[in-house]
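# Architecture and fold: a report
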Amino acid sequence: MFRFIDEKLDKEESGPTWLKQKEIAELVMNSLHFYDNNYYELYAYTVMSNHVHVVFKHLQANFDVELPVTKIMQKIKSFTGKEANKIIGKSGRFWETESYDRLIRNDDELFNVIKYVINNPVKAELVEDWKAWPYTYCKREFIESF
């Protein structure tokens with residue numbers, strides 16, 4: 001089921017494709033970096049035309065309470081959704097209410113997930129090398145491992 005959904009999402013024309021607008025993609029990227037080293041340590045992300053992949057490690061929040069991934073994603077989606085709607089002149093829900101998340105249990109799985117995320121635009125045949133996709137980030141320590 002995951003593979004089927006993933007293949008559908010990778011098709012650039014599938015669903016609303018507001019994220020292909022540079023201003024909105026950059027809004028999402030900036031938001032992901034804003035929370036880096038506050039709620040999480042950002043490892044990698046890719047902003048596609050209709051979805052986003054992000055890999056991070058939870059950190060203790062400023063008030064010594066670890067926020068669950070659902071709360072973190074709610075913060076990001078709430079802010080970026082409101083701002084993106086301003087850009088496109090829309091109101092209402094921008095993001096789907098659900099997010100797909102998974103717990104990464106070891107270093108091998110972490111590296112595989114990061115490789116998958118950064119290579120998403122390659123798999124979708126948008127670029128030949130992940131570094132050519134302007135909406136991809138990978139923390140230096142992981143780039144050196146690939």
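Residues numbered from 1 in each chain as written. Predicted model: local features only at pLDDT ≥ 70, side-chain atom pairs only at ≥ 80, totals over all residues. Heavy atoms only, no water.

## Overview of the packing of aromatic side chains
Counted according to the given criterion, the structure contains 9 aromatic pairs. Measuring from centroid to centroid gives 5.1 Å for Phe 34 and Tyr 35, while their planes differ by 85°, and the two rings are edge-to-face. Classification of Tyr 35 by relative accessible area gives buried; the value is 12%. These aromatic residues form a ring-pair network of at least three members: Trp 18, Phe 94 and Trp 95. (Phe/Tyr/Trp six-rings, centres within 6.5 Å; stacked < 30°, edge-to-face > 60°. Buried < 20%, exposed > 50% of the residue type's maximum accessible area, 1.4 Å probe, protein only.)

## A short note on the sheet that holds strand β2 (residues 52-58)
As summarised here, the arrangement of the 3 strands in space is β2-β1-β3, forming an open sheet in which the pairing is antiparallel. Both outer strands of the open sheet, β2 and β3 (136-138), are each paired with one neighbouring strand and no more. On average, each strand axis in the sheet is inclined to that of its neighbour by 20°, with strand direction left out of account. With 3 bridges joining them, strand β1 (residues 40-47) and β3 adopt antiparallel strand pairing. For Thr 46, the partnering residue across the bridge sits in β3 and is Thr 136. Contacts from helix α2 (residues 22-34) reach β1, β2 and β3 within the one sheet, and its direction differs from that of β1 by about 165°. Helix-sheet contacts for helix α4 (residues 107-118) involve β1, β2 and β3, and the interaxial angle to β1 is about 35°. (Pairing = 2+ DSSP bridges. Helix = DSSP H or I, 4+ residues; strand = E, 2+ residues; numbered from the N terminus. Axes fitted to C-alpha atoms, helices over the stretch in contact; angles between N-to-C directions. Contact = heavy atoms within 4.5 Å.)

## A few points about the nonpolar core
In terms of nonpolar packing, the biggest core is built from 26 residues, with Leu 19, Leu 32, Tyr 40, Val 47, Ile 72 and Ile 76 touching the most fellow members. Those elements that place two or more of their residues in this core are α2, β1 and α3 (69-88). In terms of residue count, α2 provides more of this core than any other element does, 6 residues in total. Ignoring any residue separated from it by four or fewer positions in sequence, one finds Leu 19 in contact with Ile 24, Ala 25, Val 28, Val 47, Met 48, Ser 49, Asn 50, His 51, Val 52, Phe 94 and Trp 95. With 11 residues, the next largest nonpolar core counts Tyr 43, Val 55, Val 117 and Ile 118 among its residues. (Core = buried A, V, L, I, M, F, W, Y, C linked by side-chain atoms within 4.5 Å.)

This is a description of form; function is not addressed.
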